[in-house]
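Next come the chains, spelled out residue by residue.
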Amino acid sequence: MGRMAFEEHTSISRRFLSWCAEAWSAAAEAEEIAMLDEATIRQISKDCAIAPDDLLQLVKAGPHAADEMIEMMRALNIDQSDVAVLHPALYREMQLTCSKCRSKSRCRHDLEAEVADREFVGYCGNAVSLNTMRADPELLQS
């Protein structure tokens, strides 16, 4: 195997192992939370301002379940930090919507192809909120 092929193989192997570790970690966390008593889950979900079922679903989805939302905001020139601070409830709701999304593959493709800013309205569950934010100069990146 040539050096280039070996490095590519090693890189793919590392990424795969990293992905497995993250998936295992997310599953372990989901299992831990699912084993908590109902009162504790209710309290945690209250602290996070989301429904208990949504909390469990978010944990199962893993820590990167809403990464596409952040990338989409970036593609639309929306400052996600400002949104998180100024509209925390909306931000959490958008994260939940993104984590449940069934169009992630298309979203990722459009983000990579740099056409998401034109195409997202057709499939993104956060399209209305994102378009509203794009119209607010205070939420746009400088």
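Calculation rules
- Residues numbered from 1 in each chain as written.
- Predicted model: local features only at pLDDT ≥ 70, side-chain atom pairs only at ≥ 80, totals over all residues.
- Heavy atoms only, no water.
- Salt bridge = Lys/Arg side-chain N within 4 Å of Asp/Glu carboxyl O.
- Helix = DSSP H or I, 4+ residues; strand = E, 2+ residues; numbered from the N terminus.
- Buried < 20%, exposed > 50% of the residue type's maximum accessible area, 1.4 Å probe, protein only.
- Contact = heavy atoms within 4.5 Å.
- Axes fitted to C-alpha atoms, helices over the stretch in contact; angles between N-to-C directions.
- Nonpolar A, V, L, I, M, F, W, Y, C, P; charged D, E, K, R; others polar.
- Arc of directions from axis to C-beta.
- Polar contact = N/O pair within 3.5 Å; in protein donor to acceptor, adjacent residues only side chain to side chain.

As annotated in an unreviewed UniProt entry, the protein chain is DUF6455 domain-containing protein from Rhizobium wenxiniae.

(A) Region of the structure containing the pattern of salt bridges. Counting across every chain of the model gives 7 salt bridges. Linked through salt bridges whose partners overlap, the residues forming this network are Glu68, Lys104 and Arg108.

(B) Up close: unusual backbone geometry. Unusually for a residue other than glycine, Asn77 sits at a positive phi of about 65°. With respect to the element layout, Asn77 can be found in the loop between α4 (67-75) and α5 (80-86). Take Asn77: its relative accessible area is 34%, and that puts it in the partly exposed class. Despite not being glycine, Glu114 shows a phi value in the positive range, around 60°.

(C) Looking closely at the environment of Met94. Its location among the elements puts Met94 in helix α6 (residues 88-100). Look at Met94 and you get buried, because its relative accessible area is 1%. For the pair Met94 and Ser129, spaced 35 residues apart in sequence, the C-alpha separation works out to 8.2 Å. Dropping the residues within four chain positions of it, Met94 is found in contact with Met69, Met73, Asn126, Ser129, Leu130 and Met133.

(D) Representation of the environment of Glu138 within the structure. Tracing the chain through its elements places Glu138 in the segment after α9 (127-134). By relative accessible area, which is 63% here, Glu138 ends up exposed. Distance from Glu138 to Ile78, taken between C-alpha atoms, is 9.2 Å for residues 60 residues apart in sequence.

(E) How the structure looks around the packing of α4 against α6. Orientation of α4 relative to α6, taken along the N-to-C sense of each, is 115°, at an axis distance of 8 Å. Only Tyr91, Met94, Gln95 and Cys98 of α6 make contact with α4, whose side of the interface consists of Glu68, Met69, Ile70 and Met73. Class assignment of the residues belonging to the contact of α4 with α6 gives a composition of 6 nonpolar, 1 polar and 1 charged.

(F) Representation of α4 in the model. Turning to α4, its buried residues number three or more, namely Glu68, Met69, Met72 and Met73. Angularly, the buried residues of α4 cover 140° about the axis, an arc narrow enough to put them on a single face. Close packing links the buried residues of α4 with α5, α6, α7 (104-112), α8 (116-119) and α9. Two residues or fewer past α4, Asn77 is found with a positive phi of approximately 65°.

(G) Expanded view of the environment of Asp136. Of note, Asp136 is situated in the segment after α9. Distance from Asp136 to Ile78, taken between C-alpha atoms, is 9.1 Å for residues 58 residues apart in sequence. A polar atom in the side chain of Asp136 sits 3.0 Å from the backbone nitrogen of Glu138.

(H) Spatial organisation of helix α3 (residues 52-61). Taken together, the buried positions of α3 are occupied by Asp54, Leu55 and Val59. Along α3, the residues classed as buried sweep out an arc of 135° about the axis, all on the same side. For α3, the exposed residues lying more than 90 degrees away from the buried face are Asp53 and Lys60.

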